[in-house]
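Structural overview
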Amino acid sequence: MNKFFLTVHVLAAILCVGPVTVAASMFPPIARRVLGAETPDAGGLQVLHRITRVYAWAGLAVPVFGFAVAGGMQVMDEAWLITSIVLTLAAALVLAFLVVPAQSAVLAVADQSAEARSGVLSKAKLLSMTSGIFSLLWVVVLVLMVVKPGHTKG
């Protein structure tokens, strides 16, 4: 059963976390172009925002099956796993409370006047940083999952 949980855990990480990370990273540069355009077209931003939100919910399968795998492998007390859990929680919080709301704020003014759009340009720049932090957290979690520093249970 543990092999099944591991397979679903890895598959969910690839199919759910990957698209969220890519969509969140693509949103800020496209947002800056849309906000600075003479005649903005926010269609692409809406798609990226939808991908971010939908796949974020689907990505909840990653920690659920991850806990099942860790329980089966009896590694819940390992430092690399505890660190990964904390960083996964941090990534989820960054996504839920910084990235998605900033994307929503950009979308809310994307079709308005140039003056209104210029007021949100600073949020789009900040969104680049928060999206980068989100991506970096996932990279660290990935490295911890592969390398498992200090792993003692074979």
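All of these numbers come straight from a predicted model, not from anything done at the bench. (Residues numbered from 1 in each chain as written. Predicted model: local features only at pLDDT ≥ 70, side-chain atom pairs only at ≥ 80, totals over all residues. Heavy atoms only, no water.)

Assigned secondary structure in the protein chain consists of 5 helices and 0 strands. Viewed in the frame of its principal axes, the protein chain has a C-alpha envelope of about 60 × 25 × 20 Å. Out of the 154 residues belonging to the protein chain, those deemed buried represent 35%. For the protein chain, contacts bridging at least 24 residues in sequence account for 83% of all contacts bridging at least 6. Carbon and sulfur atoms form 72% of the exposed surface of the protein chain, whose accessible area is close to 8600 Å². Averaging the positions of the 10 positive and the 6 negative side-chain charges in the protein chain gives two centres separated by 7 Å. (Helix = DSSP H or I, 4+ residues; strand = E, 2+ residues; numbered from the N terminus. Buried < 20%, exposed > 50% of the residue type's maximum accessible area, 1.4 Å probe, protein only. Contact = heavy atoms within 4.5 Å. Areas by Shrake-Rupley, 256 points an atom, 1.4 Å probe, with all protein chains shown as cover. Lys, Arg positive; Asp, Glu negative; His and termini not counted. Charge placed at Lys NZ, Arg CZ, Asp CG, Glu CD.)

UniProt annotation of "transmembrane region" (unreviewed entry) refers to residues 54-73, 80-106 and 126-147 when read in the numbering used here. With 100% helix and 0% strand, residues 126-147 has end C-alpha atoms that lie 32 Å from one another. (UniProt positions renumbered as here; feature names shortened; annotations may be inferred.)

The next point concerns the packing of helix α1 (residues 2-36) against helix α5 (residues 114-147). α5 packs onto α1 with a crossing angle of 155° between their chain directions and a minimal axis gap of 9 Å. Compared by their axis directions, α1 and α5 come out roughly antiparallel. Once α1 is placed against α5, the crossing between them reads as left-handed. Every residue of α5 that contacts α1 at His9, Val17, Val20, Thr21, Ala24, Ser25, Phe27, Pro28, Ala31, Arg32, Val34 and Leu35 is listed here: Arg117, Val120, Leu121, Ala124, Lys125, Leu127, Ser128, Ser131, Phe134, Ser135, Trp138 and Met145. Here the contact of α1 with α5 is built from residues that sort into 15 nonpolar, 6 polar and 3 charged. (Axes fitted to C-alpha atoms, helices over the stretch in contact; angles between N-to-C directions. Parallel < 35°, antiparallel > 145°, perpendicular 65-115°, else oblique. Left-handed = near helix turned anticlockwise from the far one by under 90°. Nonpolar A, V, L, I, M, F, W, Y, C, P; charged D, E, K, R; others polar.)

Across the protein chain, the average pLDDT comes to 91, with 99% of residues at 70 or higher. Least confident of the elements in the protein chain is α5, whose mean pLDDT is 88; most confident is helix α2 (residues 43-58), at 96. (pLDDT = per-residue confidence, 0-100.)

Here the focus is the packing of aromatic side chains. For the coordinates displayed, the defined rule picks out 3 aromatic pairs. Ring centres 5.8 Å apart and planes at 55° place the aromatic pair Phe4 and Phe5 in the tilted group. An angle of 85° between the planes, with centres 6.4 Å apart, marks the rings of Phe134 and Trp138 as edge-to-face. Taken together, the residues span about one helical turn, with Phe134 and Trp138 both in helix α5 at a distance of 4 residues. For Trp138, a relative accessible area of 16% puts it in the buried group. (Phe/Tyr/Trp six-rings, centres within 6.5 Å; stacked < 30°, edge-to-face > 60°.)

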